[in-house]
Amino acid sequence: MARTLGTAAILAAAMIGSAGVAQAHHSFAMFDLAHTATLTGTVKEWQWTNPHSWLEVVVTKPGGGMTQYSFESRSIYLLMRMRVNRFTLMPGQVVTVTYNPLRDGDNGGSLVTAKAQDGTVLIGRGLPRPVPGGGAAAGTPPP
Amino acid sequence: MNRNLLFGCLAAASLAATGAATAATPEGTTPQTRLYGAPDQPNISGIWFPGNIQRPAPNGRGTGFGSLAPLWGIGDPPLKGAYLKLYEKYTAAANAGKPYADTASECKALGVPRVLFGPDPMEIIQTPGQITMIQETGHEVRRIYTDGRAQATDPDPWFDGHNVGHWEGNVLVVDVVGLRADTAMDAAETPHSDALHVTERWILKGPNDIEVDAVASDPKAFTHPWTAKYYWQRGDADYEMLEDVCEDNNRNITNPDGTQSTILGK
């Protein structure tokens, strides 16, 4: 039988709240949670791992040349509740990422959303609301 | 019987049970399911999802750790002396963007009593004489002995301590001592000492709902016992617990000064 996250998971998600970072592994204090930044680049690797998934993106610098950014996403459990999986982001794919930047100015941050170039939301901001039949779409916000 | 049919029957039974439970669920009433081999005990084996998680308090407690950092206990921590100073140091560092590491960021364990709010699902395996709680987070295992043994008198300190429990009707009463002093109470890195003593009442409000009333006493670190209330809800029987190996991709390293940094570009 395929894995089902089920009603209780959805209810638990609803109780945790729409922003849903039930973080236990580490403090978020290294991120500037009051601000978001946006950049567009090419996926180098989507690391579907615990305690966090990580998105590595290669970006063209304004003056030429390439640089790499690292974005921390959520745990596999939380991403699965958002209907995100290990194929959601693929190497070579161009993505636009919004993120809470690292407060020390390094290349990276806490991932907030990831969008494909056609506007499809690959990783959304919140957790799915309960949907009859359990058919919450993959990170897609309501129109 | 195929699995779908079995599941349907279980669902029907569960509905019936829920209906029955609605009529009488206060503390001390008889639940529908008893433990095989120990019919005097309610059976809480299964998958449970955490309910409420307390968030940063209006007074700003925990805010520097992230707006959704889960906190332990009701109200402010009743810290005193050196432990209050330690807490203030951790909070100031977090507010400055240089949080200290803890046993969770180091992928060691959350420890009791931080595991009381998950944050991920928990599997309970109840057998006569023992209740085993397996957190999805980091595969953390707690063994609560319900075979009547006495609490340890001089235990080695462990992340999840030494747990003995007994049933009082529909309430599982758990006593925990022998806890390591280096674990944090919560994501705000609230400290405690090795004298921490936790008592918990796991109140079966219905077949699918547990309320945990916990009290943390620490004569070295707290001015008075600190209470907390948590909720767990039974998940679908076919939920498969995820593998969660914390060291698989842990990029939070602990610096020599005790703060943590993030490894980039890995």
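As shown above, the structure is provided for reference.
Below is a short write-up of the structure. Note that the structure is a prediction, hence the values are computed from the model and not measured.

**What about the overall build of chain A?**
Thinking step 1. In terms of helices and strands, chain A carries two helices and six strands.
Thinking step 2. Across the 143 residues in chain A, those meeting the buried criterion constitute 54%.
Thinking step 3. The contacts of chain A with a sequence gap of at least 6 include a subset with a gap of at least 24, amounting to 58%.
Thinking step 4. Total accessible area computed for chain A in this model is approximately 6300 Å², and 56% of it derives from carbon and sulfur atoms.

**Regarding the side chain of Asn-249 of chain B**
Thinking step 1. Among the secondary structure elements, Asn-249 of chain B is positioned in the loop between strand S11 (226-234) and strand S12 (252-254).
Thinking step 2. Separated by 2.9 Å, the side chains of Asn-249 of chain B and Gln-47 of chain A make a polar contact.
Thinking step 3. Excluding residues within four positions of it along the chain, Asn-249 of chain B makes contact with Gln-47, Thr-49, Asn-50, Pro-51, His-52 and Trp-54 of chain A together with Lys-266 of chain B.

**Re helix H2 (residues 81-95) of chain B**
Thinking step 1. When the terminal C-alpha atoms of H2 of chain B are compared, their 21 Å separation across 15 residues agrees well with the 21 Å that a helix rising 1.5 Å per residue should span.
Thinking step 2. Looking one or two places after H2 of chain B, you find Gly-97 of chain B, whose phi comes out positive at around 80°.

**Here's the deal with the environment of Ser-110 of chain A**
Residues and elements named next belong to chain A.
Thinking step 1. Examined against the element boundaries, Ser-110 turns out to sit in strand S5 (residues 108-116).
Thinking step 2. Exposure remark for Ser-110: the relative accessible area of 5% places this residue in the buried category.
Thinking step 3. Each C-alpha atom of the pair Ser-110 and Met-66 lies 21 Å from the other, and the pair is 44 residues apart in sequence.
Thinking step 4. The contacts of Ser-110, once residues within four sequence positions are left out, are Phe-28, Phe-31, Glu-72, Thr-98, Tyr-99 and Asn-100.

**With respect to the state of the cysteines**
Residue and element names in this part refer to chain B.
Thinking step 1. All chains considered together, the criterion is met by one disulfide over all chains.
Thinking step 2. Each sulfur in the disulfide pair Cys-107 and Cys-246 lies 2.0 Å from the other. Its torsion about the S-S bond being -70°, the disulfide of Cys-107 and Cys-246 is classed as left-handed. Note that Cys-107 is positioned in the loop between H2 and strand S4 (122-127) and Cys-246 in the loop between S11 and S12, a separation of 139 residues in sequence.
Thinking step 3. The class for Cys-246 is buried, based on a relative accessible area of 15%.

**Examining the pattern of salt bridges**
All names here are of chain B.
Thinking step 1. What the rule picks out here adds up to eleven salt bridges over all chains.
Thinking step 2. A salt bridge links Arg-149 to Asp-147, with the shortest nitrogen-to-oxygen separation between them at 2.7 Å.
Thinking step 3. For Arg-149, a relative accessible area of 42% corresponds to the partly exposed category.
Thinking step 4. Taking the relative accessible area as the measure of exposure, Asp-147 reaches 43% and is therefore partly exposed.
Thinking step 5. With its nearest N and O atoms 3.1 Å apart, the salt bridge here joins Asp-213 to Lys-229. Taken as a pair, Asp-213 in strand S10 (residues 209-217) and Lys-229 in strand S11 lie far apart in primary sequence, 16 residues in all.
Thinking step 6. Through salt bridges with shared partners, a single ionic network connects Lys-205, Glu-211, Asp-213 and Lys-229.

**Focus: unusual backbone geometry**
Thinking step 1. Of note, the bond from Asn-50 of chain A into Pro-51 of chain A is cis; its omega dihedral lies within 30 degrees of zero at 5°.
Thinking step 2. Note that Pro-51 of chain A resides in the loop between strand S1 (37-47) and strand S2 (54-60).
Thinking step 3. A cis amide bond links Val-112 of chain B with the next residue in sequence, Pro-113 of chain B, at an omega value of 10°.
Thinking step 4. Here Pro-113 of chain B is to be found in the loop between H2 and S4.
Thinking step 5. The phi torsion at Glu-189 of chain B lies on the positive side, around 60°, for a residue other than glycine.
Thinking step 6. Judged by relative accessible area, which is 3%, Glu-189 of chain B ranks as buried.

**Description of the packing of aromatic side chains**
All names here are of chain B.
Thinking step 1. Going through the model one piece at a time under the given rule, you end up with eleven aromatic pairs over all chains.
Thinking step 2. Relative to Tyr-239, the ring of Phe-49 has its centre 5.2 Å away and its plane inclined at 70°; by these criteria the two rings are edge-to-face. Of the two residues, Phe-49 is situated in strand S3 (residues 46-50) and Tyr-239 in the loop between S11 and S12; the sequence distance between them amounts to 190 residues.
Thinking step 3. By relative accessible area, Phe-49 is classed as buried at 0%.
Thinking step 4. Ring centres 5.2 Å apart and planes at 65° place the aromatic pair Trp-72 and Trp-226 in the edge-to-face group. Of this pair, Trp-72 sits in the loop between S3 and H2 while Trp-226 is found in strand S11, placing the two residues 154 residues apart along the sequence.
Thinking step 5. With a relative accessible area of 0%, Trp-72 lands in the buried category.

**Overview of the pairing of S2 of chain A**
Residue and element names in this part refer to chain A.
Thinking step 1. Taken across its seven residues, S2 has five buried, putting it largely inside the fold.
Thinking step 2. Sheet topology places S1 next to S2; five bridges connect them, and they run antiparallel. Looking across to S2, one finds that Trp-46 is bridged to Leu-55.
Thinking step 3. Count of turn residues in the S1/S2 antiparallel hairpin: six residues.
Thinking step 4. Direction of pairing for S2 relative to strand S3 (residues 66-72): antiparallel, over a ladder of seven bridges. Bridge pairing in S3 links Trp-54 to Glu-72.
Thinking step 5. Once S2 ends, the chain turns through five residues before running back antiparallel as S3, passing Gly-64 with a positive phi of about 100°.

Definitions and limits used
Residues numbered from 1 in each chain as written. Chains lettered and ligands numbered in written order. Predicted model: local features only at pLDDT ≥ 70, side-chain atom pairs only at ≥ 80, totals over all residues. Heavy atoms only, no water. Helix = DSSP H or I, 4+ residues; strand = E, 2+ residues; numbered from the N terminus. Buried < 20%, exposed > 50% of the residue type's maximum accessible area, 1.4 Å probe, protein only. Contact = heavy atoms within 4.5 Å. Areas by Shrake-Rupley, 256 points an atom, 1.4 Å probe, with all protein chains shown as cover. Polar contact = N/O pair within 3.5 Å; in protein donor to acceptor, adjacent residues only side chain to side chain. Expected span 1.5 Å × (residues − 1). Disulfide = S-S within 2.5 Å. Salt bridge = Lys/Arg side-chain N within 4 Å of Asp/Glu carboxyl O. Phe/Tyr/Trp six-rings, centres within 6.5 Å; stacked < 30°, edge-to-face > 60°. Pairing = 2+ DSSP bridges.

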